[in-house]
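If you want the building blocks of each chain, they are given just below.
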Number of protein chains: 2
Amino acid sequence: MTDNDSRIDEVAAAAAAAARPFARTTPRDRGAALVAVADALEAAGPELIAIAMRETGLSEARLQGELRRTAWQLRLFADTIVDGSYLDVRIDLADPDYVIGPRPDVRRMLEPVGPVLNFAASNFPFAFSVAGGDSAAALAAGCPLVVKAHSGHPELSRRTAEIVTGALRDAGMPDGVFQLIEGQQNGVALLKDERIRAGAFTGSTHVGRMLADIAASRPVPIPFYGELGSVNPVYATYADAALLDGFVTSVSGSAGQLCTKPGFLFVPEGSDLGSVTASASAVAEHRLLNPGIGRGFTQRREDVLAADGVTVLAEGEVRTDDAGQTYATPTVVTVDVDTLLRNREALLEESFGPLSVVVRYPDAAALPALHTELFPGNLTSTVHARPEELADGSLADLVDALAQTSGRVLFGGWPTGVSVTPAMQHGGPYPATTSDATSVGTAAITRFLRGVAYQGAPQELLPEPLRDDNPWNVPQRRSEPGLSMSWGSFAR
Amino acid sequence: MTDNDSRIDEVAAAAAAAARPFARTTPRDRGAALVAVADALEAAGPELIAIAMRETGLSEARLQGELRRTAWQLRLFADTIVDGSYLDVRIDLADPDYVIGPRPDVRRMLEPVGPVLNFAASNFPFAFSVAGGDSAAALAAGCPLVVKAHSGHPELSRRTAEIVTGALRDAGMPDGVFQLIEGQQNGVALLKDERIRAGAFTGSTHVGRMLADIAASRPVPIPFYGELGSVNPVYATYADAALLDGFVTSVSGSAGQLCTKPGFLFVPEGSDLGSVTASASAVAEHRLLNPGIGRGFTQRREDVLAADGVTVLAEGEVRTDDAGQTYATPTVVTVDVDTLLRNREALLEESFGPLSVVVRYPDAAALPALHTELFPGNLTSTVHARPEELADGSLADLVDALAQTSGRVLFGGWPTGVSVTPAMQHGGPYPATTSDATSVGTAAITRFLRGVAYQGAPQELLPEPLRDDNPWNVPQRRSEPGLSMSWGSFAR
């Protein structure tokens, strides 16, 4: 065993040792700890943002908003767990006359799955990184957490980890509930460790699929919640200058390095697209996150520009400095539907950076089938239409196609700028995510919970949420003996 | 394309074509259809049970109970969906002053995942077969269903399928919502078809893992809900004749061919085990389900009896008739803990049939660690203890270890005879199941649902459950703008 193997073994052992003490903390205490982490991160805001600006090239305003969002996520998960409704407590009281035979007393709740390994993303150094959404969800669920830092912001990752560790410790959480590791090989080694019980990931389709395959092929497979790739098509029934300007803003925000960036805008053939050039040229140059992403974007842009039948609306500029960092302004091209179908390989892949494709369609009625064929799995799909078109039912088939292939369907607005709320869904059919679960919003907590039932248990040996005296005062859904079923009233 | 390939293609196409029409049916109409299926199966009871007796060798009483349970499952799922609470509707009203930036109107509900392929089990020709629990859950969720018939009861499968198909059609459900296929190769081919969106399975660890690996390695992976293997350890602090007789009854019911059969009973060293012999010899010979299971059981029994250090309490008998069917009476052996640890390979594997191992332990305090080491994933674990032991806290560590490694923890009673209720959990850490979800009870429906959010949608284009006028009258969890969070009251 090398020193490094031994370090990974220690990390796994510490996470495993923390699993039961952490699972036994009350939601109220865990919630208070999450709020303490949020407070500590906000208190360290200026220091953290300065590091993040240097390591990622993202703007101060963007990073301030992201840190606010990150702290809010932690508070929102605290709020989600504190009343215990997330435990989905079900109590079936014993019923000697149950129709299929005497029913014992059975009580079920959701319990934490155990240690979680979360692979941080590059493009949200706060909100999808060390203390980001996956981390907040796992800790809220009561799972010890190991974060594999993204190599794009190592100093920020370490400093954030120190702050998180300190805040959790000061809030009385057990040792080992939070740990940071670095290096892709270490991440893979830990993902294979039997003590890790679930994985989470935000990043590329290539890496995410590799990790998902590792998780699925372990002797004991584990769930792997990866958020991989999405091109977020937008369908517009019209295209005026205001719509096209909103499109360029969404494409170029954070230099297009967002998983919800609209990669395709469908507009009617004959639309005046002239304003795109001016809108795009007004966007300031933006550094890409790191040299690797810069190289990837440069290549993707060249492939798109070289594809047969592509017309440039805004060529944009790409340059690389002496340190290898890439700087870009938006590139927007347009094609007709036939060109898109002919050049699928070059055009359909996600372009991570400020590039998008405007597709001119001749026949709105063909859009539902076209969408289903081209875009089987996305985080989002968007419709822009006039009020009368939204009201007259003509878009029903398109909306139906979008709902079958996307986690979130938008009407107006743009998919970038994902809010963090109870109803948010950030996850869709593969390759958007490797499971149908969401990685943003409070529903994300269910990924790290599993059901356990207790049958005929004495009150003394039941977990608090399942007891008759309900010391945590959680919602309990009770099935009384002899209860008649509602179907009886309509089906017979 | 062979005729057979073409048939599988037709099945997939019919399921895919049914997906949207079926998803659009109301829970009330789908519930009525499930009740109609239940009624039709019960009406055909005598005919179906006669076929089942001939094909499986199970007793008439057992099959009558199983058919009653199967009909009840269908009715219970009808009851589960009719009020729409299973849709988990969340409505976040727009909030221009939301702390992380203006919040749009976001509304989320669970929608069916699409066509489901369910591999039927051999040992429950009704309850885990064509119209069994997985089928009821998928249909209740609104997913078109293809059942791969088990080869152990082909005639029963076909007749049941005719009844189900007719009842669904008469209830107005779309064509293609239910189909039957036969043959393992066809099952594998369909599992690989991109139009199938989820798999379900009840059977052996070997086959289940093979299918789970196929589902995970598709170009577009899909969730696979397999219930594979479980040995259901029972820990007793005492062993009297009544307890041992209950044990033998649980081991030998349905000839031990139950996934919840207790494979191991742990009793204090020095317990009088003499009554096991008499209890076991009072059990009548029972045919095993089919020749393959008979051969497997015969071999497992020989391996166990041949293991070094095994003492026979009841040898039992095994014979095979001219048709290749195997008949058996219960075999019960006993070992001490050291013998068990020394003979893990021979003893720890599941014995599918009437065989169990009584393990004599010298030290109750060592049981939690021993359990965790030997039994990392089971459907159930059971504790038998005296009332004062249940009350004095001495079992807390053992219960903790059982809850971490099992889906259901029982206190007294026996794990066989799983009730079907809202709080039931039939699923545990691998290899008990390939996911932590349950395959019995109403929580099983969540396996076949995925979240979809609608942002800024006009009322006309929202699914009924998300509309303000709430035409289906489903529970809607609304987040109002400006709502303060409960954590504010305890954390600051």
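Residues numbered from 1 in each chain as written. Chains lettered and ligands numbered in written order. Predicted model: local features only at pLDDT ≥ 70, side-chain atom pairs only at ≥ 80, totals over all residues. Heavy atoms only, no water.

### Structural notes on the overall build of chain A
Here comes step 1: The helix and strand inventory of chain A stands at 17 helices and 19 strands.
Here comes step 2: A compact globule built from 492 residues should have a C-alpha radius of gyration of about 23 Å, and chain A, at 25 Å, falls within 12% of that.
Here comes step 3: Referenced to the eigenvectors of the C-alpha coordinate spread, the extents of chain A come out at roughly 75 × 70 × 40 Å.
Here comes step 4: Taking all 492 residues of chain A together, the buried fraction comes to 62%. (Helix = DSSP H or I, 4+ residues; strand = E, 2+ residues; numbered from the N terminus. Rg over C-alpha atoms; globule rule 2.2 N^0.38 Å. Buried < 20%, exposed > 50% of the residue type's maximum accessible area, 1.4 Å probe, protein only.)

### With respect to the interface of chain A and chain B
Here comes step 1: Tallying the contact residues gives 82 residues for chain A and 82 residues for chain B.
Here comes step 2: Where chain A abuts chain B, roughly 7200 Å² becomes buried across the two surfaces, and 58% of that area is made up of carbon and sulfur atoms.
Here comes step 3: Summed over the shared surface of chain A and chain B, the number is 4 salt bridges.
Here comes step 4: Put simply, Arg20 of chain A and Asp400 of chain B hold a salt bridge, and the shortest N to O gap is 2.7 Å.
Here comes step 5: Where chain A packs against chain B, one counts 40 residue pairs in polar contact (both at pLDDT 80 or more). (Contact = heavy atoms within 4.5 Å. Buried area = accessible area lost by both parts, 1.4 Å probe. Salt bridge = Lys/Arg side-chain N within 4 Å of Asp/Glu carboxyl O. Polar contact = N/O pair within 3.5 Å; in protein donor to acceptor, adjacent residues only side chain to side chain.)

### Topic: the domain arrangement of chain A
All names here are of chain A.
Here comes step 1: Split by domain assignment, chain A resolves into domain 1 (3-228 + 438-449) and domain 2 (234-411).
Here comes step 2: Taken together, the contacts link 12 residues of domain 1 with 13 residues of domain 2.
Here comes step 3: The junction of domain 1 with domain 2 conceals about 910 Å² of combined surface from both sides, 53% of it contributed by carbon and sulfur atoms.
Here comes step 4: The largest share of the area that domain 1 buries against domain 2 comes from Gly57, Asn123 and Glu227, three residues that together contribute 39% of it.
Here comes step 5: The tally of links from domain 1 across to domain 2 stands at 0 salt bridges. (Domains from an automatic or database assignment.)

### Quick notes on the packing of helix H2 (residues 27-43) of chain B against helix H4 (residues 60-82) of chain B
Residues and elements named next belong to chain B.
Here comes step 1: Following both chains from N to C, one finds H2 and H4 inclined at 170°, their axes separated by 8 Å at the closest point. It follows that H2 is roughly antiparallel to H4 by the angle criterion. Along the contact surface, H2 presents Pro27, Arg28, Arg30, Gly31, Leu34, Val35, Val37, Ala38, Asp39, Leu41 and Glu42, while H4 presents Leu67, Arg68, Thr70, Ala71, Leu74, Arg75, Phe77, Ala78, Ile81 and Val82. (Axes fitted to C-alpha atoms, helices over the stretch in contact; angles between N-to-C directions. Parallel < 35°, antiparallel > 145°, perpendicular 65-115°, else oblique.)

### A word on the layout of surface pockets
Here comes step 1: Of the pockets and cavities examined, the second largest pocket occupies roughly 670 Å³.
Here comes step 2: Together, 30 residues line the second largest pocket, and Arg69, Thr416, Gly417 and Val418 of chain A together with Ile100 of chain B are the ones closest to its centre.
Here comes step 3: If you list the elements that add at least two residues to the lining of the second largest pocket, you get helix H4 (60-82) and helix H9 (241-252) of chain A.
Here comes step 4: At 7 residues, H4 of chain A tops the list of elements feeding residues into the lining of the second largest pocket.
Here comes step 5: Class assignment for the residues of the lining of the second largest pocket results in 11 nonpolar, 14 polar and 5 charged. (1 Å grid on protein atoms, 1.4 Å probe; cavity = no way out; pocket = protein on both sides within 12 Å on 5 of 7 lines; lining within 4 Å. Points joined across faces, edges and corners; volume = space filled by probe spheres on them. Nonpolar A, V, L, I, M, F, W, Y, C, P; charged D, E, K, R; others polar.)

### Digging into the side chain of Ser351 of chain A
Residue and element names in this part refer to chain A.
Here comes step 1: Mapping Ser351 onto the fold places it in the loop between helix H13 (344-347) and strand E15 (355-361).
Here comes step 2: Side chain to side chain, Ser351 and Arg300 meet in a polar contact 3.3 Å long.
Here comes step 3: Excluding anything up to four places from it in sequence, Ser351 contacts Lys261, Arg300 and Val304.

### Some thoughts on the relation of the copies chain A and chain B
Here comes step 1: When chain A is brought onto chain B, the operation consists of a screw motion whose angular component is 180° and whose axial shift is 0.0 Å, with 0.0 Å RMSD remaining. Accordingly, the operation relating the two chain copies is best matched by a two-fold axis. Among all residues of chain A, the minimum C-alpha distance to the rotation axis is found for Ala216 of chain A, at 3.3 Å.
Here comes step 2: When the interface residues of chain A are mapped onto chain B, 100% of them are again interface residues, pointing to one common binding face. (Least-squares fit on C-alpha atoms with pLDDT ≥ 70 in both.)

### Concerning the sheet that holds strand E18 (residues 449-455) of chain B
Here comes step 1: Judged by pairing direction, the sheet is mixed, and its 11 strands sit side by side in the order E11(A)-E14(A)-E15(A)-E9(A)-E8(A)-E16(A)-E17(A)-E18(B)-E2(B)-E1(B)-E19(B) without closing on themselves. Here the strands that pair on one side only, and so sit at the sheet edges, are strand E11 (311-314) of chain A together with strand E19 (476-479) of chain B. Sheet twist, expressed as the average angle between the axes of neighbouring strands with direction ignored, equals 20°.
Here comes step 2: Where strand E8 (residues 234-236) of chain A lies against strand E9 (residues 264-268) of chain A, 2 bridges are found, and the strand directions are parallel. For Tyr235 of chain A, the partnering residue across the bridge sits in E9 of chain A and is Phe266 of chain A.
Here comes step 3: Those strands touched by H9 of chain A are E8, E9, strand E14 (331-336), E15 and strand E16 (378-384) of chain A, and its axis lies near 145° from that of E15 of chain A. (Pairing = 2+ DSSP bridges.)

### Focus on the pattern of salt bridges
Proximity of charged atoms lets side chains of opposite charge pair with each other.
All names here are of chain A.
Here comes step 1: Here the structure, examined in full by the defined rule, presents 50 salt bridges over all chains.
Here comes step 2: Residue Asp468 pairs with Arg478 through a salt bridge whose shortest N-O separation is 3.6 Å. Of this pair, Asp468 sits in the loop between strand E18 (449-455) and strand E19 (476-479) while Arg478 is found in strand E19, placing the two residues 10 residues apart along the sequence.
Here comes step 3: Residue class for Asp468 comes out partly exposed when judged on its relative accessible area of 42%.
Here comes step 4: Residue Arg478 is classed as partly exposed on the basis of its relative accessible area of 34%.
Here comes step 5: Beyond isolated ion pairs, a larger network of salt bridges with shared partners links Asp88, Arg90, Arg108 and Arg477.

### Re the pairing of strand E4 (residues 145-148) of chain B
Residues and elements named next belong to chain B.
Here comes step 1: Across the two faces of E4 the burial is the same, with Leu145 and Val147 and Val146 and Lys148 all buried.
Here comes step 2: With 4 bridges connecting them, strand E3 (residues 116-119) and E4 associate as parallel partners. Bridge assignment links Val116 to a residue of E4, and that residue is Leu145.
Here comes step 3: Note: E4 against strand E5 (residues 178-181), 4 bridges, orientation parallel. Note that in E5 the partner of Val147 across the bridge is Leu180.
Here comes step 4: The β-α-β motif built from E4, the intervening helix H6 (residues 154-170) and the parallel element E5 has right-handed crossover chirality. (Right-handed = clockwise from strand over helix to strand, strands pointing away.)

### Quick notes on the side chain of Ser250 of chain B
All names here are of chain B.
Here comes step 1: Within the secondary structure, Ser250 is located in helix H9 (residues 241-252).
Here comes step 2: Side-chain polar atoms of Ser250 contact the side chain of Thr416, separated by 2.8 Å.
Here comes step 3: Leaving out residues up to four positions away in the same chain, Ser250 has contacts with Lys261, Pro262, Trp414, Pro415 and Thr416.

### A short note on the environment of Arg54 of chain B
All names here are of chain B.
Here comes step 1: Following the sequence through the fold, Arg54 ends up in helix H3 (residues 45-56).
Here comes step 2: On the accessibility criterion, Arg54 (49% relative accessible area) is partly exposed.
Here comes step 3: Along the sequence, Arg54 and Pro471 sit 417 residues apart, while their C-alpha atoms lie 49 Å from each other.
Here comes step 4: Non-local contacts of Arg54, meaning those with residues more than four positions away in its chain, are made with Glu155 and Arg287.
Here comes step 5: At a separation of 2.4 Å, a polar atom in the side chain of Arg54 contacts the side chain of Glu155.

### A closer look at the packing of aromatic side chains
All names here are of chain A.
Here comes step 1: One pass over the full model with this rule turns up 18 aromatic pairs over all chains.
Here comes step 2: A ring pair is formed by Phe119 and Phe201, whose centres lie 6.3 Å apart and whose planes are at 65°; its orientation type is edge-to-face. In this pair, Phe119 sits in strand E3 (residues 116-119) while Phe201 sits in strand E6 (residues 198-202), placing the two residues 82 residues apart along the sequence. Here the two residues Phe119 and Phe201 agree in accessibility, since each one is buried.
Here comes step 3: Clustering of aromatic rings is evident, with ring pairs tying together Tyr235, Phe264, Phe266 and Phe375.
Here comes step 4: Between the NZ or CZ atom of Arg103 and the centre of the ring of Tyr98, over which it lies, the distance is 4.8 Å. (Phe/Tyr/Trp six-rings, centres within 6.5 Å; stacked < 30°, edge-to-face > 60°. Lys NZ or Arg CZ within 6 Å of the ring centre and 35° of its normal.)

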